[in-house]
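Residue-level structural notes
Residues per chain are reported as follows:
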Amino acid sequence: MIKGFDHVGITVRNLEESVRFYCDILGFQLLNPIGDRCCDPEELACMGVEGKAGYRCVLIKTPAGLIEMFDYDHPSEGRVADLPSNSIGKLHLAFTVENVDEEVEKLKAHGIRFYGEPRMDVLDTGKIKWVYFRDPNGITLEFVQRF
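Now for a quick tour of the structure. (Residues numbered from 1 in each chain as written. Predicted model: local features only at pLDDT ≥ 70, side-chain atom pairs only at ≥ 80, totals over all residues. Heavy atoms only, no water.)

**Here's the deal with the environment of cysteine 38**
By the secondary structure assignment, cysteine 38 is in the loop between β2 (29-30) and α2 (41-46). Exposure remark for cysteine 38: the relative accessible area of 19% places this residue in the buried category. Each C-alpha atom of the pair cysteine 38 and tyrosine 72 lies 9.5 Å from the other, and the pair is 34 residues apart in sequence. Filtering out sequence-adjacent residues up to four positions away, cysteine 38 remains in contact with Glu43, Gly54 and Tyr55. (Helix = DSSP H or I, 4+ residues; strand = E, 2+ residues; numbered from the N terminus. Buried < 20%, exposed > 50% of the residue type's maximum accessible area, 1.4 Å probe, protein only. Contact = heavy atoms within 4.5 Å.)

**Observations concerning the sheet that holds strand β5 (residues 93-96)**
Reading across from one edge, β5-β8-β7-β6 is the order of the four strands in this open sheet, with mixed pairing throughout. The sheet is open, and its two edges are formed by β5 and β6 (119-123), each paired on a single side. Across the sheet, the mean angle separating the axes of adjacent strands is 30° when strand polarity is ignored. The pairing of β6 with strand β7 (residues 126-134) spans five bridges and is antiparallel. Bridging from a neighbouring strand, leucine 123 pairs with glycine 126 of β7. (Pairing = 2+ DSSP bridges. Axes fitted to C-alpha atoms, helices over the stretch in contact; angles between N-to-C directions.)

Keep in mind these values describe shape, not function.
Here it is, written out as structure tokens:
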């Protein structure tokens, strides 16, 4: 029986840059320091990693759960982040915020660009305001404000 959702794992281009974005700009908490590379071929095979690719990993705590971030010595050539949002397998991370407009202004001050202006929608679950943007790796993120 599944008991809950544990974490989201993402591969990033540069772990230090990503930690700065997610912790310093978005305000999340780094749970472990950036450590040495893991190069255990058996472990890598169990994770579905092809070829020789050592990695470093951190866990970041958000108010909603954990993000596990990896950077690999030899990432694959394909970049899922470059695919349009309607591509099969393309994911985005959505964070609930108190005020979308305030968060947008905060990120714009750091040079973050958005796909568009915040939108207001009425869903079966209630009224929401939302906006999409990308992190430094091109990973699509969303802020959602529920009313």
